Amino acid sequence: MIVVTGATGNVGRALVRMLTEAQVPVTAVARHITGADVPPGVRAVAADLAEPAGLRVAFDGAEALFLLVAGENPHGILEVAKTAGIRKVVLLSSQGAGTRPEAYRHPGLFEAAVRESGLGWTILRSGGMATNAFAWAESIRTRREVAAPFGDVGLPFIDPDDVAAVAAAVLGQDAHLGTVYTLTGPAPTTPRERAAAIAAALGEPVHFTEQTREEAHKLMARFMPLPVVEGTLAILGEPTEGEQRVSPDVERVLGRAPGTFAAWAERSAAAFR
(Lines give C-alpha, C1' and ligand atoms only; values in the text may rest on other atoms or scores of the structure.)
Protein backbone atom coordinates (compact mmCIF):
# COMPACT_ATOMS: atom_id res chain seq x y z
CA MET A 1 0.00 0.00 0.00
CA ILE A 2 1.22 3.49 -0.90
CA VAL A 3 -0.16 6.60 0.80
CA VAL A 4 -0.38 9.68 -1.41
CA THR A 5 -0.83 12.98 0.42
CA GLY A 6 -2.11 15.97 -1.49
CA ALA A 7 -4.09 13.49 -3.55
CA THR A 8 -6.42 16.09 -5.04
CA GLY A 9 -3.60 18.38 -6.22
CA ASN A 10 -1.89 18.65 -9.58
CA VAL A 11 0.79 16.06 -8.82
CA GLY A 12 -1.11 13.91 -6.31
CA ARG A 13 -4.14 13.37 -8.50
CA ALA A 14 -1.96 12.22 -11.40
CA LEU A 15 0.11 10.01 -9.10
CA VAL A 16 -3.00 8.28 -7.70
CA ARG A 17 -4.17 7.63 -11.26
CA MET A 18 -0.80 6.23 -12.37
CA LEU A 19 -0.44 3.94 -9.37
CA THR A 20 -3.99 2.71 -9.76
CA GLU A 21 -3.45 1.97 -13.45
CA ALA A 22 -0.38 -0.04 -12.40
CA GLN A 23 -2.61 -1.97 -9.99
CA VAL A 24 -0.78 -0.68 -6.92
CA PRO A 25 -3.01 -0.34 -3.83
CA VAL A 26 -3.35 3.33 -2.87
CA THR A 27 -4.66 5.37 0.03
CA ALA A 28 -5.39 8.91 -1.16
CA VAL A 29 -5.18 11.62 1.50
CA ALA A 30 -6.30 15.26 1.39
CA ARG A 31 -8.11 17.54 3.79
CA HIS A 32 -11.51 17.39 2.10
CA ILE A 33 -11.21 14.31 -0.09
CA THR A 34 -14.16 11.99 -0.73
CA GLY A 35 -14.59 8.79 -2.69
CA ALA A 36 -15.81 10.87 -5.64
CA ASP A 37 -12.32 12.38 -5.98
CA VAL A 38 -10.47 9.12 -6.62
CA PRO A 39 -10.62 6.22 -9.09
CA PRO A 40 -12.73 3.17 -8.18
CA GLY A 41 -11.00 0.94 -5.67
CA VAL A 42 -8.85 3.67 -4.14
CA ARG A 43 -9.22 4.26 -0.41
CA ALA A 44 -9.84 7.96 0.32
CA VAL A 45 -9.08 9.35 3.79
CA ALA A 46 -9.75 12.96 4.77
CA ALA A 47 -6.82 14.08 6.94
CA ASP A 48 -4.63 17.14 7.44
CA LEU A 49 -0.81 17.12 7.45
CA ALA A 50 -1.01 19.97 9.94
CA GLU A 51 -2.47 17.47 12.45
CA PRO A 52 -0.17 14.41 12.46
CA ALA A 53 -2.20 12.44 14.99
CA GLY A 54 -5.09 12.37 12.54
CA LEU A 55 -2.95 10.58 9.96
CA ARG A 56 -2.79 7.26 11.82
CA VAL A 57 -5.82 5.81 10.07
CA ALA A 58 -4.52 6.88 6.67
CA PHE A 59 -1.06 5.40 7.24
CA ASP A 60 -2.21 2.08 8.69
CA GLY A 61 -1.01 -0.88 6.62
CA ALA A 62 1.08 1.22 4.21
CA GLU A 63 4.67 0.55 3.16
CA ALA A 64 5.50 3.84 1.43
CA LEU A 65 4.49 7.49 1.68
CA PHE A 66 4.41 10.28 -0.89
CA LEU A 67 4.69 13.41 1.25
CA LEU A 68 4.00 17.04 0.48
CA VAL A 69 5.60 19.96 2.27
CA ALA A 70 2.58 21.01 4.35
CA GLY A 71 2.01 21.73 8.00
CA GLU A 72 4.66 22.72 10.51
CA ASN A 73 5.58 19.38 12.09
CA PRO A 74 7.40 17.09 9.66
CA HIS A 75 8.95 15.11 12.52
CA GLY A 76 5.46 14.40 13.88
CA ILE A 77 4.25 13.20 10.48
CA LEU A 78 7.24 10.92 10.08
CA GLU A 79 6.92 9.48 13.59
CA VAL A 80 3.32 8.51 12.82
CA ALA A 81 4.54 6.97 9.56
CA LYS A 82 7.19 4.90 11.34
CA THR A 83 4.74 3.72 13.98
CA ALA A 84 2.34 2.63 11.23
CA GLY A 85 5.04 0.50 9.60
CA ILE A 86 5.89 2.75 6.65
CA ARG A 87 9.49 2.12 5.60
CA LYS A 88 9.98 4.58 2.74
CA VAL A 89 9.08 8.22 2.11
CA VAL A 90 9.27 10.20 -1.12
CA LEU A 91 9.18 13.94 -0.41
CA LEU A 92 8.01 16.45 -2.99
CA SER A 93 10.17 19.47 -2.23
CA SER A 94 11.18 22.56 -4.20
CA GLN A 95 14.23 23.33 -6.28
CA GLY A 96 14.51 26.49 -4.18
CA ALA A 97 15.41 24.39 -1.13
CA GLY A 98 18.73 23.78 -2.83
CA THR A 99 19.30 27.05 -4.69
CA ARG A 100 17.84 29.55 -2.20
CA PRO A 101 17.63 27.85 1.20
CA GLU A 102 17.04 31.07 3.15
CA ALA A 103 13.91 31.86 1.15
CA TYR A 104 12.72 28.24 1.07
CA ARG A 105 13.26 27.29 4.70
CA HIS A 106 9.98 25.37 4.98
CA PRO A 107 10.82 22.69 2.39
CA GLY A 108 14.36 22.68 3.77
CA LEU A 109 13.02 21.75 7.21
CA PHE A 110 11.01 18.91 5.68
CA GLU A 111 14.07 17.67 3.79
CA ALA A 112 16.12 17.65 6.99
CA ALA A 113 13.38 15.78 8.85
CA VAL A 114 13.14 13.15 6.13
CA ARG A 115 16.90 12.61 6.11
CA GLU A 116 16.91 12.23 9.90
CA SER A 117 13.81 10.02 10.10
CA GLY A 118 15.47 6.62 9.93
CA LEU A 119 13.21 5.76 7.01
CA GLY A 120 14.33 5.10 3.48
CA TRP A 121 13.93 8.36 1.58
CA THR A 122 14.08 10.05 -1.79
CA ILE A 123 13.68 13.80 -2.29
CA LEU A 124 12.18 15.28 -5.45
CA ARG A 125 13.04 18.95 -5.90
CA SER A 126 10.62 20.25 -8.49
CA GLY A 127 11.20 23.35 -10.54
CA GLY A 128 8.32 25.60 -11.48
CA MET A 129 5.31 23.66 -12.71
CA ALA A 130 3.39 24.24 -15.91
CA THR A 131 0.18 24.38 -13.88
CA ASN A 132 1.31 27.72 -12.46
CA ALA A 133 -0.17 29.04 -15.70
CA PHE A 134 -3.63 28.26 -14.33
CA ALA A 135 -3.22 31.58 -12.49
CA TRP A 136 -3.79 33.14 -15.92
CA ALA A 137 -6.93 31.14 -16.66
CA GLU A 138 -9.51 33.76 -15.68
CA SER A 139 -7.85 36.60 -17.59
CA ILE A 140 -7.37 34.41 -20.66
CA ARG A 141 -10.95 33.12 -20.58
CA THR A 142 -12.52 36.56 -20.14
CA ARG A 143 -10.12 38.93 -21.92
CA ARG A 144 -7.57 36.79 -23.79
CA GLU A 145 -4.87 38.58 -21.80
CA VAL A 146 -1.90 37.55 -19.65
CA ALA A 147 0.03 39.78 -17.25
CA ALA A 148 3.29 38.51 -15.74
CA PRO A 149 6.67 39.89 -14.68
CA PHE A 150 10.02 39.22 -16.35
CA GLY A 151 8.45 38.41 -19.70
CA ASP A 152 11.64 37.33 -21.42
CA VAL A 153 13.38 35.39 -18.63
CA GLY A 154 13.33 31.65 -19.34
CA LEU A 155 12.96 28.79 -16.86
CA PRO A 156 12.50 25.05 -17.58
CA PHE A 157 8.98 24.61 -16.21
CA ILE A 158 7.88 20.99 -15.75
CA ASP A 159 4.62 19.19 -16.47
CA PRO A 160 3.22 17.94 -13.12
CA ASP A 161 2.41 14.62 -14.80
CA ASP A 162 6.15 14.11 -15.23
CA VAL A 163 6.69 14.83 -11.53
CA ALA A 164 4.01 12.25 -10.77
CA ALA A 165 5.58 9.72 -13.13
CA VAL A 166 8.97 10.12 -11.43
CA ALA A 167 7.31 9.76 -8.03
CA ALA A 168 5.56 6.57 -9.14
CA ALA A 169 8.83 5.09 -10.40
CA VAL A 170 10.75 6.05 -7.27
CA LEU A 171 8.06 4.71 -4.93
CA GLY A 172 8.30 1.35 -6.65
CA GLN A 173 12.09 0.93 -6.70
CA ASP A 174 14.45 0.95 -3.72
CA ALA A 175 17.35 1.76 -6.06
CA HIS A 176 16.42 5.44 -5.69
CA LEU A 177 16.77 5.56 -1.91
CA GLY A 178 19.07 8.23 -0.52
CA THR A 179 18.89 10.29 -3.73
CA VAL A 180 17.87 13.90 -4.37
CA TYR A 181 16.45 14.48 -7.87
CA THR A 182 15.93 17.89 -9.45
CA LEU A 183 12.98 17.83 -11.83
CA THR A 184 12.65 20.29 -14.73
CA GLY A 185 11.11 20.46 -18.16
CA PRO A 186 13.13 19.89 -21.36
CA ALA A 187 13.92 23.54 -22.15
CA PRO A 188 13.58 27.01 -20.64
CA THR A 189 10.49 28.94 -21.67
CA THR A 190 9.67 32.58 -20.93
CA PRO A 191 6.30 33.87 -19.69
CA ARG A 192 5.80 35.44 -23.10
CA GLU A 193 6.48 32.08 -24.78
CA ARG A 194 4.17 30.24 -22.39
CA ALA A 195 1.37 32.67 -23.13
CA ALA A 196 1.99 32.15 -26.85
CA ALA A 197 1.84 28.36 -26.38
CA ILE A 198 -1.56 28.67 -24.70
CA ALA A 199 -2.71 30.94 -27.53
CA ALA A 200 -1.61 28.31 -30.05
CA ALA A 201 -3.50 25.63 -28.15
CA LEU A 202 -6.62 27.81 -28.21
CA GLY A 203 -6.18 28.84 -31.82
CA GLU A 204 -6.70 32.47 -30.78
CA PRO A 205 -4.36 35.36 -29.94
CA VAL A 206 -3.57 36.10 -26.30
CA HIS A 207 -2.15 39.53 -25.46
CA PHE A 208 0.85 39.58 -23.12
CA THR A 209 1.54 42.50 -20.75
CA GLU A 210 4.73 42.61 -18.70
CA GLN A 211 4.17 43.53 -15.06
CA THR A 212 6.67 45.42 -12.97
CA ARG A 213 8.27 43.58 -10.08
CA GLU A 214 6.28 45.77 -7.69
CA GLU A 215 2.97 44.92 -9.35
CA ALA A 216 3.72 41.21 -9.20
CA HIS A 217 4.86 41.44 -5.57
CA LYS A 218 1.61 43.12 -4.53
CA LEU A 219 -0.51 40.43 -6.16
CA MET A 220 1.55 37.47 -4.91
CA ALA A 221 1.63 38.78 -1.34
CA ARG A 222 -2.14 38.28 -1.16
CA PHE A 223 -1.75 34.50 -1.01
CA MET A 224 1.93 33.71 -0.32
CA PRO A 225 4.20 34.35 2.70
CA LEU A 226 6.50 37.31 2.06
CA PRO A 227 9.76 35.28 2.15
CA VAL A 228 8.32 32.94 -0.49
CA VAL A 229 7.18 35.92 -2.57
CA GLU A 230 10.70 37.34 -2.47
CA GLY A 231 12.29 34.00 -3.28
CA THR A 232 9.88 33.30 -6.13
CA LEU A 233 10.38 36.73 -7.69
CA ALA A 234 14.15 36.31 -7.38
CA ILE A 235 13.98 33.00 -9.26
CA LEU A 236 11.62 34.40 -11.91
CA GLY A 237 13.58 37.59 -12.44
CA GLU A 238 17.18 36.76 -11.64
CA PRO A 239 17.53 32.98 -11.85
CA THR A 240 20.85 31.39 -11.10
CA GLU A 241 22.59 29.27 -13.68
CA GLY A 242 21.40 26.19 -11.80
CA GLU A 243 17.78 27.34 -11.86
CA GLN A 244 17.90 27.84 -15.62
CA ARG A 245 19.69 24.57 -16.28
CA VAL A 246 17.73 21.62 -17.65
CA SER A 247 18.16 18.71 -15.27
CA PRO A 248 18.73 15.20 -16.66
CA ASP A 249 16.94 13.57 -13.73
CA VAL A 250 13.50 13.05 -15.31
CA GLU A 251 15.07 11.21 -18.22
CA ARG A 252 17.43 9.38 -15.85
CA VAL A 253 14.49 7.95 -13.90
CA LEU A 254 11.91 7.49 -16.67
CA GLY A 255 14.12 6.72 -19.67
CA ARG A 256 12.44 9.49 -21.68
CA ALA A 257 12.60 13.23 -21.94
CA PRO A 258 10.10 15.33 -19.99
CA GLY A 259 7.14 16.79 -21.84
CA THR A 260 7.13 20.32 -23.24
CA PHE A 261 5.08 23.24 -21.99
CA ALA A 262 3.37 23.37 -25.37
CA ALA A 263 2.21 19.76 -24.98
CA TRP A 264 0.86 20.57 -21.52
CA ALA A 265 -0.97 23.61 -22.92
CA GLU A 266 -2.59 21.49 -25.62
CA ARG A 267 -3.76 18.97 -23.05
CA SER A 268 -5.01 21.72 -20.70
CA ALA A 269 -6.59 24.08 -23.24
CA ALA A 270 -10.11 23.58 -21.86
CA ALA A 271 -9.15 25.47 -18.68
CA PHE A 272 -8.43 28.58 -20.76
CA ARG A 273 -11.40 28.54 -23.16
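Residues numbered from 1 in each chain as written. Predicted model: local features only at pLDDT ≥ 70, side-chain atom pairs only at ≥ 80, totals over all residues. Heavy atoms only, no water.

### Thoughts on the side chain of T122
- The residue T122 is located in strand β6 (residues 120-126) in this model.
- Apart from the residues lying within four places of it in its own chain, the contact partners of T122 are V89, V90, L91, V170, H176, L177, G178, T179 and Y181. (Helix = DSSP H or I, 4+ residues; strand = E, 2+ residues; numbered from the N terminus. Contact = heavy atoms within 4.5 Å.)

### Some words on the environment of Q173
- Relative to the assigned elements, Q173 resides in the loop between α7 (160-171) and β8 (179-183).
- On the basis of relative accessibility, which here comes to 41%, the residue Q173 falls in the partly exposed class.
- Spatially, the C-alpha atom of Q173 lies 45 Å from that of E215, the residues being 42 residues apart in sequence. (Buried < 20%, exposed > 50% of the residue type's maximum accessible area, 1.4 Å probe, protein only.)

### Notes on the packing of helix α3 (residues 74-84) against helix α5 (residues 105-115)
- Where α3 meets α5, the closest approach of the two axes is 9 Å, and the angle between their N-to-C directions is 35°. The interaxial crossing formed by α3 with α5 has right-handed handedness. In contact with P74, H75, I77 and L78 of α3, α5 contributes L109, F110, A113 and V114. (Axes fitted to C-alpha atoms, helices over the stretch in contact; angles between N-to-C directions. Left-handed = near helix turned anticlockwise from the far one by under 90°.)

### Looking at unusual backbone geometry
- Of note in this structure, R144 is not a glycine but carries a positive phi near 55°.
- Position of R144 among the secondary structure elements: in the loop between α6 (137-143) and β7 (145-149).
- On the basis of relative accessibility, which here comes to 19%, the residue R144 falls in the buried class.
- For F150, which is not glycine, the phi torsion reads 55° and is therefore positive.

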